[in-house]
Amino acid sequence: MSSPWFQEIWRIVGLLVAALLGTLLTNFSLSFCLLLAVSAYLIRHLRNLNNLQEWLSQKKTPVPDAVGIWGEVFYQLYRLQLRNRKRKRKLATMLKHFQRSTAAMPDAAVVLYGGGREIEWINKAATQLLGLKTPQDLGQAITNLIRAPIFQQYLYSGDEKNSIKMPSPSDSNIMLRLHIVPYSDNRHLLLARDVTNLHRLEQIRRDFVANVSHELRTPLTVIAGFTETMLDAEDEFSKQWERPLQLMAQQTTRMQRIVDDLLLLSRLESDIPMGKLQQVHVAEILESIAEEARIVSGDIAHEITLDADPDLMIYGIPEELRSVFSNLVFNAVRYTITQGKIQIRWYADVDGIHFSVLDTGEGIAPEHLPRLTERFYRVDVARSRSQGGTGLGLAIVKHVLNRHHANLHIESTVGEGSLFRCDFPLSSAQQLLLPDDEGMMLNDEEYELVS
Ligand code: ADP
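Residues numbered from 1 in each chain as written. Predicted model: local features only at pLDDT ≥ 70, side-chain atom pairs only at ≥ 80, totals over all residues. Heavy atoms only, no water.

**Notes on helix α13 (residues 393-403)**
Argument step 1. Across the 11 residues that make up α13, a large majority, 8, are buried.
Argument step 2. Considered for burial, the residues of α13 that qualify are Gly393, Leu394, Ala395, Ile396, Val397, Val400, Leu401 and Arg403.
Argument step 3. Buried positions along α13 lie against α9 (242-269), α11 (318-334), β11 (407-413) and β12 (417-424).
Argument step 4. At the C-terminal side of α13, His405 shows a positive phi close to 55°. (Buried < 20%, exposed > 50% of the residue type's maximum accessible area, 1.4 Å probe, protein only. Helix = DSSP H or I, 4+ residues; strand = E, 2+ residues; numbered from the N terminus. Contact = heavy atoms within 4.5 Å.)

The structure is reproduced here in structure tokens:
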């Protein structure tokens, strides 16, 4: 037991002894003297309680003077108060430093709170990049100030892994990348970075690839036409040069395919849709692709099966979806050299709507899987070329799937086969949640979802 408690017990004992002495020395009864002693003790406590209440309610007053257990209580409370003040000062300094550093940041930072995403705090860059004003805009819902539909969709999507690219609301020449992260109960941090230069570079690269591909188209058509004519001619010259002419024709066709795929990729990148957004009868498309695949399979005669739900339709761009499905099915045919099985499926489950191609082909080693959708990435370049591949098929697949908010999932075991699966969100079955004609999502070249 600590000493203040001893003092307190001695104090009580003292009072009891005083009450006994009072009975012995005076004519008062024991109960009266005890009552006096207890009252004195109670009055002391009440006075100290009063001091405590006054001290707590008036923060600036000095610590009340007291002895015994009350002195200890006041002392401990005083130390607690000092500790809190110190912590508060430390926190205030930290907050000041944090605010200074974020204010000096070249990226815009906005703290949003509540379900309405009201603005709580903004830094200096947010005034320039997002056109927000302080203090006028504090407390306002951010959606009243940044009205781009893609921003509003992104804000409530809860998708913290992705960011969006959009023009600055204050200057359409500035391209921003916006990222929103939740960080505490009902609070979000909106970060915006100026990516104008990067955007321009991307634009230049896209235009360059598109222009070069376009320029190559005509010469290639001419070369292909003449080579074919020379091959068809029955004269001595053609017979003598038959082999070189055949090689020229093969390579020209390959180059034409590459140019076509590059042009298609450029179109997909610049968000020009290949067709109109509509309800797509996927099962029908798959039936014709499976039929074509059986023809391409030729002598190898793969066992190609199709299990497609005929009532399962999604909203999308039919031409683009066809290119995804045919790329994956024809890859399965091409990379399953010996007679093998290819299973094509179109189905829905609780996780979404899926298109899958399972083959018993050569398979792909795990180190290649993350890079397969890069342009011109091929596991075996010579083999891809000999199969007539361009190395652009899976890049096209990825782009189209992105535009349809779908993901490509690949599983593969060398020597056993591969599974390529496209996962569409369940919402794909409803028109409202897909890119609309006003370019609210990915159709508009200005707006882009960046993973
Ligand atoms: P390519 O025109 O070369 O087929 P893709 O982009 O379609 O280009 O595919 C990239 C690479 O992925 C291919 O070169 C091949 O190595 C590998 N690949 C694609 N599909 C399969 C498959 N079903 N089985 C094995 N490898 C595959």
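Moving on from the coordinates now.
**A few points about the pattern of salt bridges**
Argument step 1. Considering all chains together, one arrives at 17 salt bridges under this definition.
Argument step 2. Of the charged contacts, one joins Arg44 and Glu8 as a salt bridge, the two residues approaching to 3.1 Å between their closest N and O atoms. On the criterion of sequence distance, the pair formed by Arg44 in helix α2 (residues 30-57) and Glu8 in helix α1 (residues 3-25) is long-range, its members being 36 residues apart. Neither Arg44 nor Glu8 differs from the other in exposure class; each is buried.
Argument step 3. One salt bridge connects Glu269 with Arg206, and the closest N-O pair in it is separated by 3.9 Å. One end of the pair, Glu269, is in helix α9; the other, Arg206, is in helix α7 (residues 196-232), with 63 residues separating them in the sequence.
Argument step 4. In this structure Glu269 comes out as buried when scored by relative accessible area, which is 11%.
Argument step 5. Where salt bridges share partners, they join Lys165, Glu202, Arg205, Arg206, Glu269 and Arg375 into one cluster. (Salt bridge = Lys/Arg side-chain N within 4 Å of Asp/Glu carboxyl O.)

**Re unusual backbone geometry**
Argument step 1. Backbone torsion omega between Thr134 and Pro135 reads 5°, so that peptide bond is classified as cis.
Argument step 2. For Pro135, the location among the structural elements is in the loop between α4 (124-129) and α5 (142-145).
Argument step 3. Here Asn186, not a glycine, exhibits a phi torsion of approximately 65°, which is positive.
Argument step 4. Mapping Asn186 onto the fold places it in the loop between β4 (175-184) and β5 (187-194).
Argument step 5. The exposure class of Asn186 is partly exposed, given its relative accessible area of 49%.
Argument step 6. For Ala301, which is not glycine, the phi dihedral falls at a positive 50°.
Argument step 7. Tracing the chain through its elements places Ala301 in the loop between α10 (282-297) and β7 (303-308).
Argument step 8. The exposure class of Ala301 is partly exposed, given its relative accessible area of 37%.

**Brief notes about the packing of α9 against α13**
Argument step 1. α13 packs onto α9 with a crossing angle of 20° between their chain directions and a minimal axis gap of 10 Å. Looking at the two axes, α9 sits roughly parallel to α13. Where α9 crosses over α13, the two elements pack in a sense that is left-handed. Together, Asp261, Leu264, Leu265, Arg267, Leu268 and Glu269 of α9 and Ala395, Ile396, His399, Val400 and Arg403 of α13 make up the contact between the two elements.
Argument step 2. Residues belonging to the contact of α9 with α13 are distributed by class as follows: 6 nonpolar, 1 polar and 4 charged. (Axes fitted to C-alpha atoms, helices over the stretch in contact; angles between N-to-C directions. Parallel < 35°, antiparallel > 145°, perpendicular 65-115°, else oblique. Left-handed = near helix turned anticlockwise from the far one by under 90°. Nonpolar A, V, L, I, M, F, W, Y, C, P; charged D, E, K, R; others polar.)

Any functional reading would require information that these geometric values do not contain.
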